[in-house]
Every structure is written in structure tokens, then in C-alpha cells.
Amino acid sequence: MGNGGVKLKRKMYAVSVNNIAKSYGAKKNVTPALHGISFDVKPGELFGLIGPDGAGKTTLFRILTTLLLPDKGTASVDGFDVVNAYKSIRRRVGYMPGRFSLYQDLTVKENLDFFATIFNTSIEKNYDLVKDIYAQIEPFSNRMAGKLSGGMKQKLALSCALIHRPSVLFLDEPTTGVDAVSRKEFWEMLKRLKAEGITILVSTPYMDEAGMCDRVALIQSGRLLEMDTPSAIIRDFSKKLLALKGPDMLTLLQAIRSHKDVADAYPFGEFHHVVLEQDDESGLLGYLQDNGIAFEAKMAVPDIEDCFIQLMKEER
Amino acid sequence: MRTLLFLLQKEFRQIFRDPSILRLIFIMPVIQLVMLPFAADYEIKNIQLAVTDNDHSAYSRLLVSKITASGYFKLSALPGTEKQALKVIEKDQADMVLFIPAGFEKNLVKEGEAPLMISTNAINGVKGGLGNSYLQQIIREFNQDIRAEWIQLPRFNPEVQLETTVSNWYNPHMNYKLFMVPGILVLLLTMVGANLTAINIVREKEIGTIEQINVTPVRKVHFILGKLIPFWILGILVFTLGLLIARVLYGITPVGSPLTIYVFAAVYLLAVLGLGLLISTYAHTQQQAMLISFFLMMIFILMGGLYTSIDSMPEWAKMITRFNPVTYFIEVIRMVVLKGSGLAEIRGHLVVISIFALILNAWAVLNYHKRS
């Protein structure tokens, strides 16, 4: 692709990542974090980066928010190069790091005021954008940020990341350490922000959150394993999936795993999910009966977690 | 400009919200200034003296009473023999022993000459050395008194004799507090300046707030000025407090103009804050910052000319003191407080400390990266 092509691509995408690589450490003790990752995010998209701890999600976010220089590759955010045009990027992205990093000894209002001012704007100007989120913590606006509960801290951090009306929002593991109800609420908030036209990149270690995104990329050990819409990923799941449960789940799992027809078996809620090598499950079920293990079995519809577990197994 | 004002507002809010730090900043200098000058006393008093008097004569008793009357010595033991006397030193019950041999008076009268022996515990070198010279001086005076008593001196001294009269300029009563207190004040300013800035910025690194600032369009210069200005103001306040304590408690009023001191202090603080800033760009945790600044402070304090004279250091050490900002301020504050020097006299020092301020701050700014 020529230079013109790169420029065109930058204009088309809110985030464009081309072959980005990054290693930590020096000389003998090098830890690679990213091995040449490429993907594009369309404007207004809610893009999920799913992967276990240590997959390289934070490193990628830090490169895209101009906090870290990549070793190789290029990337652009909102049409600006992350290395050369970092100043323009800093004006138009919002970043919410995984760790709460607002001033704990300033109040809720002071924190929001502070971040509004250093972006040369004011709370009033962009109140409509943060209203839904900020309204929930406004009753505590004179409380020190350090004294807020986890869920409220998260809302404040999101408000502060939004107060300058960014065009691209980076959320690094925003739901880690947040209770199930707050997590659900949080994703509702993201959907509303998406409706405002903000491009959102969110990283999470929770596979069940993948279904909330427009598109997801599965990342592991610094490599992208798969990238598609959640429904397309589920559609690609080609093998037969069974759900089994019984009175003695541990013996059952061990017995299932010992059978040759089984590609993979893992606990999944109150069932064990069993991925078969072939479409015929009678061999396995007969084998369990012969061994006198009580169980009930049913066909299972694969969801995104099943897909990711398979993808990660294959990669290893 | 608006951004800078807002950064300053935020910084002051945070400082005033942490009352323990604020209290420390102001109480620490007060306590140190009240305590240290009394403890860091160069005059040696209360030297424990043991006397072994084997003569038991009128003269030996006269000598001992003259020694104890001087105020520098305390008679702590009267061991009977030389052996016992050394035991007393060993047990740390005496710092010095004076042996007066039998026949002291007889020899003095008959032969006109009598030996005495002094043994000193030299573990504390300063105390031992000073004790020796005090004691010798008293014995010399005793010697002259006896001479005057025995020999009728002629009206004009037939021998050539030199007599010296000492006059102490700038500090006529040799009041050590006059030069210790301003020096201690300099150290306090150095510690407040360098430590506070270093730890403040490293704390932002530790909590992660600096990362949040780094993704904003805030300019590096604004961020750094936002850190320097509040601590510069705090430093000047602490310094003023110190000068007031020096005046009220020790009656020290600078002979020169306080304005001269403030001009120098203002530039000096910039240099010290720059040092703190520089430390913060290298340290990743508060412990690291503390250790680095502790290491530097030890060198600055002990090689700053406060406790030991720089002139008596070896050449290589003198070279090091030239790179120690503390040295310059201690010299300047003593010049102004004791001698009344003005801006013209401290011009050289001012130039050097300005260069320090410039280099340290420039280095810190260059080394502060908004991204890694």
C-alpha cells in the first residue's frame, strides 16, 4: 500500500493499527508484549479487546493513547499518527486506565473540574454528555474521590475521561473488580455513549462481555487469535457441543476427558461442556453408561465463551 | 496561563488537605532550630578529670584547685596509683588523667623543674585534643604564677618575649550560635525543598495520576512549574519562620540586609527544587526517591562547611564541595549575618548558584518524559 493508501485508511477508520510490536526489558531479558498486531476500528464502533491477564491489552492501549512508543509498526487514532501527531491525539481521546488514577485527595467535583480545565473546557459545556453518568455521583460531589465506593470511582473516572468530549474513548478493563449489577449498568452506559457517536475501545478479561460489543478481537500472548462480530464468531463454531451433568461432577468430567471422541471438556455453569471430535455422541454416552456413571445429557448451543475457549486451546 | 493557575490551585488544595505534611513542614524546622544549636556546641565543657597526686604538697593542691576552678574540668576520681588511674579511663569514668609524681614541689623549688604527665582518652578526638590544650594552658599559667612568686622580675624583661593579643572580628565573643544557627537554617531549607518536590512527583507516579495527566494536552513546562511554584513559596515561608526563630530565640539579627539573604535564598530554592525534580524523574517509587535524597543530603550536610571547615579538607574533598550548593549558601548567609556583606560581595556566589539552578532544572525538564 502506498502512502496515499495509508492516508485514506487513516481517514476511514477511527483507530488503525498496523503490525504494532512492543517488547519490554533490554538485551538478555526481553519480554515480548505484542507481536505485530493489526486491526481497524470504524468510527462509532464499540470494539472489544478480550483476553486473559498479560495478553498485551494494556500495552496496546498505552501505545494508542501515546503513553508508550511502539518498537515496530504504525498506528493512528482519529486520523493522527500515534508517534508523530501525539499532541493532536491527546486533545481528542479519553483514557480510563485499569487502575483508578484520579486524585484521591480532591473531591468528585474538583476532579471533574480539573480535567475539564486542562482540556480547556468546562463541566457546563459538556454536561449533556456526562449527565447520565455524573448525575449518579453528583449527590457526593463534595466527597473525596478516595472515599468513593468502587462503582462510584469507576463512574467518576468515566466522567473525567469524557468531560472534554473525546472522539475516541479507551477503557482499559473498566469492569474488573466491579459487581455484576454495576457491570451491567456500565455496559448500558457505553451503549448510550456509542449512540452519541463516540468510538469506544474497551478491553476486558471477561468473555461474557464480548456479546455486548459490535466487534471483538481475541488477544492472547500478544497475538490476535480472531476478530469478528460476536455472532459471526459463534457461527464459525463448527463442532458438536454437548452439555452433561450428574450427581458426581468430578468423576463425570474425568470420565469424559478419558474418552477418545472428546476434543475438549470443561465445567460451564452447572454443566460440563463437551466438544466432540465427530458429530456422533453415542460412543461417549455408551462409554459413560458402561462405566456406571449417572448423568443427563443435552445438546448445547455454543456461545462466545465456548468459541474463545476453543480458539485459545488451538493456539496453545 | 489559565492551565497553570488551575494546576497551582490544585496543588495548593492538595497541600492544605494533608495537614500532617503541612504541620511537619513547619514544626520540623522549629524543633530543629530550637534543639540543634544547643547540641552542636563546639565548646568542650565538663571534661572528666582524674588526678593521681603522689606528692600531696601545697603546690600540687594549688594546681588541682586551679584546674577545677577553670570550669572546663570536673574532678571525677582520685586514683591512688598510675595503674588505677588507667583503669578509671578504661571504665570511662574519666576522659583525662593528670599524674603528679612524688617530689613535685621539692623538685620545683630545688631544681626549678618538675615533670607532670597527662593521659587522654582520644576516642573522641575533638574532646581529647581540646582537653589537652586547655589543661596545658592552665598548667602554663600556673607555671608563670609560680615564677612571678619566686623570681623578682626586673622592671624590663631582659629576654625577648612575644605577647599576642587576639581580637575576634565579626564575632567578638566567639558565639558559636551566630554561625551555627544560620547554617542549620540553610540545611533545613535544602531538605524541605529537595525532599518535598521529589516525593510529591514520585507519589503521582505511584498512584498513577501522572499517567492520567500525561494523556492530556497539559504542557510539560506547565506541569513542572505547577510543582515548583508551590514548594518555592513554602520554602520561603519556612525560611522566614527560621529567621524569626533565630531572632527571637538567639537574638541573631543579620548585620547585612535581610533582602540580600532573600535574593540569594530565592535563587537557591530554585536550585534545590530543581534537584528534587531531577530525583523524581529518575525514581519510580517513594522509597527510591527517599534513598537518593538521603544519600545526597548526607554528603551535602557533612561536606557543606557547617560542621567542619572546608579549608582543612583534602584537595579532592574541596573539589567536591565546589559542586555542593549548600556550601555556597552557608558561606553567603554567614557573610551577610555576621559581616554585613551586600549583594556586591556575594555576586560570585549568586552567579554560581544561578548556574546550579539552571542546569538542574534544565536536566530535569529534559529527563521528564510524558511517554516512555
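Our structure is the block above this text.
Predicted model only: the values in this text are computed from it and were never measured.

## Things to note about helix α6 (residues 150–162) of chain A
Residue and element names in this part refer to chain A. Taking 1.5 Å of rise per residue, the 13 residues of α6 would be expected to cover 18 Å, and the 18 Å separating its terminal C-alpha atoms lies within 8% of that figure. Burial runs high along α6: 12 of the 13 residues are buried. Taken together, the buried positions of α6 are occupied by Gly151, Met152, Lys153, Gln154, Lys155, Leu156, Ala157, Leu158, Ser159, Cys160, Ala161 and Leu162. Elements that come into contact with the buried residues of α6 comprise β6 (93–96), α4 (108–118), α5 (127–137), β7 (168–172) and α7 (180–195).

## A few points about the sheet that holds strand β12 (residues 262–268) of chain A
Residues and elements named next belong to chain A. Sheet architecture is open: 4 strands sit in the order β12-β13-β11-β14, paired in antiparallel fashion. A single partner strand is all that each edge strand has here, and the edge strands are β12 and β14 (296–299). Here the average twist between neighbouring strands, direction ignored, is 25 degrees. Set on the sheet, helix α9 (residues 249–257) makes contact with β11 (241–245), β12 and β13 (271–276); between it and β12 the angle comes to about 165 degrees. Strands in contact with helix α10 (residues 282–290) are β11, β12, β13 and β14; relative to β11, the strand with the most contacts, it is inclined by about 15 degrees.

## Some thoughts on the sheet that holds β7(A)
All names here are of chain A. Within the open sheet, the 6 strands sit side by side as β6-β7-β8-β3-β9-β10. Their pairing is mixed. Edge positions in the sheet fall to β6 and β10 (223–228), since each of these pairs with one other strand and no more. Looking at each pair of strands side by side, their axes are set apart by 15 degrees on average, direction ignored. Direction of pairing for β6 relative to β7: parallel, over a ladder of 4 bridges. Looking across to β7, one finds that Val93 is bridged to Val168. Seen against the sheet, helix α2 (residues 57–64) touches β3 (46–50), β6, β7, β8 (199–204) and β9 (215–220) and runs at an angle of roughly 150 degrees to β8.

## A closer look at empty space enclosed by the protein
Picture a little ball the size of a water molecule; that probe, rolled over the atoms, points out where space is still empty. Applying the stated criterion across every chain yields a total of 3 cavities of 30 Å³ or more. Approximately 80 Å³ is the volume found for the largest cavity. A:Tyr95, A:Phe115, A:Cys160, A:Ala161 and B:Gln212 are, among the 13 residues lining the largest cavity, the residues nearest its centre. Elements with a minimum of two residues in the lining of the largest cavity: β6 and α6 of chain A. Partitioned by chemical class, the residues of the lining of the largest cavity number 9 nonpolar, 4 polar and no charged. Of the pockets and cavities examined, the second largest cavity occupies roughly 50 Å³. Forming the walls of the second largest cavity are B:Ile201, B:Lys205, B:Phe223, B:Ile224, B:Leu277, B:Ser280, B:Thr281, B:Ala364 and B:Tyr368. Listed by contribution, the elements that provide at least two residues to the lining of the second largest cavity are α7 (176–207), α9 (220–250) and α10 (258–282) of chain B. Here the lining of the second largest cavity is composed, by residue class, of 6 nonpolar, 2 polar and 1 charged.

Rules and cut-offs
- Residues numbered from 1 in each chain as written.
- Chains lettered and ligands numbered in written order.
- Predicted model: local features only at pLDDT ≥ 70, side-chain atom pairs only at ≥ 80, totals over all residues.
- Heavy atoms only, no water.
- Helix = DSSP H or I, 4+ residues; strand = E, 2+ residues; numbered from the N terminus.
- Expected span 1.5 Å × (residues − 1).
- Buried < 20%, exposed > 50% of the residue type's maximum accessible area, 1.4 Å probe, protein only.
- Contact = heavy atoms within 4.5 Å.
- Pairing = 2+ DSSP bridges.
- Axes fitted to C-alpha atoms, helices over the stretch in contact; angles between N-to-C directions.
- 1 Å grid on protein atoms, 1.4 Å probe; cavity = no way out; pocket = protein on both sides within 12 Å on 5 of 7 lines; lining within 4 Å.
- Points joined across faces, edges and corners; volume = space filled by probe spheres on them.
- Nonpolar A, V, L, I, M, F, W, Y, C, P; charged D, E, K, R; others polar.

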